[in-house]
Each structure stands twice: as structure tokens, then as C-alpha cells.
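Analysis of the macromolecular model
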There are 2 protein chains.
Amino acid sequence: MPEAATAAAEPASIALVTAPTGDGEFEFDRDTALTRRAPGVYDIDLSAGWTIISAVNGGYLLAVLGRALADALPHRDPFTISAHYLTASQPGPAVVRTDVVRTGRTLSTGQASLFQYDENGAEVERIRVLASYGDLDTLPDDVRTTAKPPAIPPMDQCFGPEDGPAPVDGSSAIADRLMLKLDPSTLGWALGQPSGKGEMRAWFGLKDGRDPDPLSLLLAVDALPPTAFEIGLRGWVPTVELTVHVRCRPAPGPLRVSITTRNLAGGFLEEDAEVWDSADRLVAQSRQLARVRLG
Amino acid sequence: MPEAATAAAEPASIALVTAPTGDGEFEFDRDTALTRRAPGVYDIDLSAGWTIISAVNGGYLLAVLGRALADALPHRDPFTISAHYLTASQPGPAVVRTDVVRTGRTLSTGQASLFQYDENGAEVERIRVLASYGDLDTLPDDVRTTAKPPAIPPMDQCFGPEDGPAPVDGSSAIADRLMLKLDPSTLGWALGQPSGKGEMRAWFGLKDGRDPDPLSLLLAVDALPPTAFEIGLRGWVPTVELTVHVRCRPAPGPLRVSITTRNLAGGFLEEDAEVWDSADRLVAQSRQLARVRLG
């Protein structure tokens, strides 16, 4: 590492950023809470509550890293955050190490890595993240956009794991924490009739009623079943890289998430997510590159 | 920085990766050539040949960093590369410092930073990059995709700076090196009649006839005029973050690049690029977050 960046990694003091509203009251806040061991270094016990089968959800992990950076950087909102997933995380102890890359007036850039421990106690890197943070509340209110909210039927016409023949695997702990109601037109895969289109749409919320904020948007973009299911593939679709742009602080209420895949080729696919809030604002966009491991 | 990552930054030896074909013969190869000062550390004189007005093009800079990582990592092709732009680069001396994050059988992950020097000779970080590399030639040939090539008229019905009232600013050195023929339906801005749609499409190549490869794709995604022009805004649109997925080694011949913006809001916009090769393969996808600085 260059001297300049290393020196910036441990400034004498880091401004403590206000914890998300309702800290302690809601599961997502409790499960992303970090203990600062030293400036820029945080301990966490990764919750088993956000697993899909046995893997810890990548969006939950990104929210953990995003929360560490919100503390380490002088700005609190992730404007753009890119994560490269290195090895599979497990529920249990982890340490997040952050590095302040640059601080500016309106944007600051930071880096963070999440490590867990091997059988000898040595740190193994799970995820590395690069992100630029700002303050969403300072942005002008102009919207000049051609994007329209996704056409999702009303929530009572959409389906979640609790609505009968489980469309989302009931053995995944994360299903107990999410309010996920899938658009029936992207649910063909659950009935053995995938549409062949790389689309997945759903209403999204946290089951305990926690309202969305920039950190929970990092979870929302990676919480739906893989679009590969609607293309007719089953199996595991591990994320290689995920970048999220948070564009607006979300209004309270349920979110609509639309995911699209245009290019499944050579054993990889991209998933583009758009997240819309209850005020019809496009609050987050994301893209991930994932591998297709046929089941 | 964590001990583990720092230790990995300077392995005892790094396999030299084959230089791109035609090294020395073509301007892009000469201007991205790096001299290895030490394992993982590279010097370069950034060319003034890839500037837009006075700023060094972000795609050219990404190609420089991408080439350093291709040397530092055991894999040669950038599968996904994310760059955060920190300060404006200038033509002239620079140093690239790389860090091997993880090496795996099919993918390796690396980090790289480009630094220039202030008046006291101290290093100033310009760009930091996180990337996962693989070998495109080892991927299976399956394509299951709904994406279609962009509808761009034949090249002789498209327009470049040499075709009269300059649509691309003639004072930009990069214009002399690119074969850029813009779709007339996304050229309204040049005639004072922007379409209002966030779209830009063009045929793209290198003027000296160098064929595309994964490194030049990193340039192609950031070489068109900003979509903001067609939305009716003029001025500077500096990139905050740019992520490129290279999905296939491009066939020889001209590329088609299509750029779309769906969400211009709060002073920021995203630009999504797709790059198609002469064999009708979607060879790269990118997304950037940029600021809109009104002119």
C-alpha cells in the first residue's frame, strides 16, 4: 500500500456518525451494529438471521461494511459502493477494517474489508469494498429522469413464502425477516414454468416494520430470488461484484424492487436492480456480476 | 491496512502477462505502456493524447490501471473493474501501485491506485480501483440473453468531428485518436435541439486501426459525449465511479456503443454503456455515477 493511503487509515479521531434511527428496536439495526475496537476497526458478530440456505446474504454483508464506512468517513450516506466478494462469509465473529482514502467537501471515499478467522485464528478476507459517501439531504431536489416505476401489481396480488407453495425457500432464515411479495408474472419458475425472461420484481420491506434508509437499500438490491431462475436455470448464483448507487433517501413505506438480466453468457450474468420508494422516487440502482453454477 | 493484505501486496515474483498484441505499433498500446519499478509498482508518463479539453479521459486512465493489474495478477482479463475517481489527473508522470487481494483458480482480485506528484513531490492519489480478473478464453461459449444490439444506422450515415460542424469538440486531443461516428438521432444537442432522452450511440474504434481488446473496451465505455447533452444540459460531467464488466473478448472490427441514462436527479446521473462487437456479441457493460456541473 502507498504511504499516503496507509497514513490516512488511522486518523487521530473519527467523527461518530449518528446511528440509524431506531437502533436496537429493529433486527436489521441490531444485526449490523458494530463495536469500534480502534479508530477505523470494528468488531461484529455476523447474524445467522440473514442466511440463504447456509450462505450469509451479500446485501446484509454490504450493509455491515456500509455502516462501518458511515462511521469512519465524515459523510454518512453511501452514494456509490462497490464490493468484490472474495470468500464465503459464515455467521459468527468478523472484523471490519476501514481506510479513509480521501475526504472532500461534498464527497469522501473510503475502503473497507471484512475478515473472518480461520482455524488458527488468522484473518481471512471475505469482502473488499470501495465507496464514495456524501450527504443525501444536501442534494438539490431536481429530477430529470425518463425512468418509470416498475409495473408491479398491488401487494395483495403478489406472493411471498407465506402464501402457500413456498416460492422462496422456507429454510432460509432471511425469509423470516423480509417482507417480500413477488410479482406473479416473475414467479413462473416457482411453478416449473419459467418465463425465459431475466426479470424479477417484488415489493420489499423489513418484516418488523423498520422503514427503509440508505443502509437497508444495500440489502434490498440483493434480496430477491436470482433472475436466473426465470431464465430456467436452477442452482447457485454467487456474487462476484456488486455496486450500488444510492440516489435519494427513501420515504417510509414499502419499496418496489425490479431486477433485470440482459446478458447471461459464458457462465456469468449481470443483475441490474432498481429500487423505488413509496413516493415514486428511484432511490437506488445497482448492478452485480454473478457466476452461474448450475444445480 | 490489514496485515494480510499488505503482505500480499509484494509477492516475491509476479508472472509477466503477455503484452497486448501490436505493442509499440499502435498509439493506445504505447500510451498505456508501464515500466515496472518494483513488484507491483509501475511508472508511466500519462499521455496528453487522450485529453478532453484539459482533462485526461477516465477510460484511458482505467485502461492504464487495468493493464497494471493484468501484469500484477495471475489472470489477464478484467472481468469486473470498479474505479473511484478522487482527483483530476494531468498529463505527465504517474505511478501505479497494485495490491494482490486474492488469487483463485478462475478469478483473482486486485487493487490498484494511480498517483501523481504535487509541487513538493508528494504522491497525490488520483484513482483507486478494485477488480476481479479471469481469462475470457476459458469461458464456455453459451449465450442466453435477451439483449439485442443497439439500432445504430450504418457507419456512413453517422457523424464524427470530421463531418462538418464539429459535434465533438475539435480541441480535444482524444478526438484525433478515436474513430467515433455518432448516431444522428442522438446528435440533436450538437444542433441545439437535444432530444430530451438520455441516450448516446456511436460506432467506436481507434483511428490507427488497432483492433479492440479487453483493455480498449475500458476506454470505449467512457469515450462518447455525455448523455446529459441530449437531456439539454451543457457543462462538465465528472465521473465519481465507473464499473466495467468485460463479458467476452471482442472480435476485430468496429464496436457499437450505446449509453443510456434513466435517472438524472439531485445533481447526479448514471450512465449505462453496452458495447457490442462486429460479431454481434455484447462484449462489455458498464455503469458510472457522474456529477452534473452545469456550464
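Above this text is the structure in question.
Notes on the structure in this doc start here. Not measured: the values here are computed from a predicted model.

Cut-offs used in this document
Within any chain, residue numbers begin from 1 and follow the written order of that chain's sequence. Working convention: letters from A go to chains and numbers from 1 go to ligands, in the order in which they are written. The predicted origin of the model limits local features to residues at a pLDDT of at least 70 and limits the giving and counting of side-chain atom pairs to 80 or more, whereas totals for whole chains, interfaces and linings rest on all residues. Excluding hydrogens and water, the side-chain values take into account all heavy atoms of the structure. The helix count covers DSSP runs of H or I at least four residues long, the strand count covers runs of E at least two residues long, and both are numbered beginning at the N terminus. Exposed residues in this analysis have more than 50% of their type's maximum accessible area, buried residues have under 20%, and partly exposed residues fall in between, with area computed by a 1.4 Å probe over protein chains only. Note on definitions: a residue-residue contact is assigned when non-hydrogen atoms from the two residues lie within 4.5 Å. Per-residue and other accessible areas were derived by the Shrake-Rupley procedure at a 1.4 Å probe size, with only the shown protein chains allowed to occlude residues. By convention, the term buried area covers the 1.4 Å-probe accessible surface removed from two parts as they join, with the contributions of both added. Here, a salt bridge means any Lys or Arg side-chain nitrogen found within 4 Å of an Asp or Glu carboxyl oxygen. We call two N or O atoms a polar contact when they sit within 3.5 Å, provided that within protein one can donate a hydrogen and the other can accept it, with sequence-adjacent residues counted only if both atoms are side-chain atoms. Least squares is used to superpose the copies, and the fit set is the C-alpha atoms of residues whose pLDDT is at least 70 in both copies. To estimate the expected span of a helix, count its residues, drop one, and scale the result by 1.5 Å. Whether two aromatic rings pair depends on their centres lying within 6.5 Å, for rings of Phe, Tyr and Trp, where Trp uses its six-membered ring; planes under 30 degrees apart make the pair stacked, over 60 edge-to-face, and the rest tilted. For a lysine, the NZ atom is tested; for an arginine, the CZ atom; a charge sits over a ring if that atom is within 6 Å of the ring centre and within 35 degrees of the ring normal. Paired strands are those between which DSSP finds at least two bridges.

Our focus in this paragraph is the overall build of chain A. Across its full length, chain A holds five helices and 18 strands. A burial count over chain A gives 60% of its 295 residues as buried. Put simply, of all contacts in chain A between residues at least 6 apart along the chain, 70% involve residues at least 24 apart. Total accessible area computed for chain A in this model is approximately 10900 Å², and 53% of it derives from carbon and sulfur atoms.

A word on the interface of chain B and chain A. Contacts between chain B and chain A engage 65 residues on the former and 65 residues on the latter. Both faces combined, the contact of chain B with chain A buries some 5700 Å², and carbon together with sulfur accounts for 53% of it. Linking chain B with chain A are eight salt bridges. Run the count over chain B and chain A and you get 38 residue pairs in polar contact (both at pLDDT 80 or more).

Residues and elements named next belong to chain A. Unusually for a residue other than glycine, Asp280 sits at a positive phi of about 60 degrees. Assignment of secondary structure puts Asp280 in the loop between strand E16 (268–276) and strand E17 (282–291). Residue classification places Asp280 among the partly exposed positions, given a relative accessible area of 43%.

With that settled, consider the relation of the copies chain B and chain A. Once turned by 180 degrees and shifted 0.0 Å along the axis, chain B lies on chain A with an RMSD of 0.0 Å. Look at the turn and shift together and you get a two-fold axis relating the two.

Once that is clear, we can look at helix H3 (residues 58–72) of chain A. All names here are of chain A. The first and last C-alpha atoms of H3 sit 21 Å apart over 15 residues, in line with the 21 Å expected at 1.5 Å per residue. Of all 15 residues making up H3, 15 are buried, and the element is well covered by its neighbours. Where H3 begins, the capping side chain belongs to Asn57, and its oxygen is found 2.8 Å from the backbone nitrogen of Gly59.

Before going further, it helps to spend a moment on the pattern of salt bridges. In total, this model carries 42 salt bridges over all chains according to the counting rule given. Close ionic contact of Arg128 of chain A with Asp99 of chain B constitutes a salt bridge, the shortest N to O distance being 3.1 Å. Pair noted here: Arg128 of chain A is in strand E8 (residues 123–134) and Asp99 of chain B is in strand E6 (residues 92–103), and the two residues belong to different chains. On the basis of relative accessible area, Arg128 of chain A is assigned to the buried category, the value being 0%. Overall, Asp99 of chain B belongs to the buried group, its relative accessible area being 2%. Ionic pairing is found between Arg210 of chain A and Asp213 of chain A, a salt bridge with its closest N-O pair at 2.8 Å. Across the pair, exposure class does not vary: Arg210 of chain A and Asp213 of chain A are buried alike.

Take the side chain of Arg247 of chain B next. The residue Arg247 of chain B is located in the loop between strand E13 (239–246) and strand E14 (255–260) in this model. By relative accessible area, Arg247 of chain B is classed as buried at 4%. There is a polar contact of 2.7 Å between the side chain of Arg247 of chain B and the backbone oxygen of Phe268 of chain A. A distance of 3.4 Å separates a polar atom in the side chain of Arg247 of chain B from a polar atom in the side chain of Glu270 of chain A.

Throughout the structure, instances matching the rule amount to eight aromatic pairs over all chains. Seen from their ring centres, Phe79 of chain A and Phe268 of chain B are 5.4 Å apart, and the 85 degrees between their planes marks the pair as edge-to-face. Of this pair, Phe79 of chain A sits in strand E5 (residues 77–85) while Phe268 of chain B sits in strand E16 (residues 268–276), on two different chains. In this structure, Phe79 of chain A and Phe268 of chain B share a single accessibility class: buried. Members of the aromatic cluster, each reached through a chain of ring pairs, are Phe28, Trp50 and Tyr60 of chain A. Sitting over the ring of Phe229 of chain A, Arg234 of chain A keeps its end group 4.7 Å from the ring centre.

This brings us to the environment of Asp156 of chain B. Along the polypeptide, Asp156 of chain B turns up in the loop between strand E9 (143–145) and strand E10 (178–182). Sequence spacing of Asp156 of chain B and Lys181 of chain B is 25 residues, and the spatial spacing of their C-alpha atoms is 8.4 Å.

With that out of the way, let us pick up the pairing of E10 of chain B. All names here are of chain B. Among the five residues of E10, five are classified as buried, and the element is accordingly described as predominantly covered. Alternating residues of E10 divide into Leu178, Leu180 and Leu182 and Met179 and Lys181, and every residue in both groups is buried. For E10 and strand E11 (residues 199–206), the ladder comprises five bridges, and the chain directions are antiparallel. Residue pairing in the sheet places Met179 in a bridge with Gly205 of E11.

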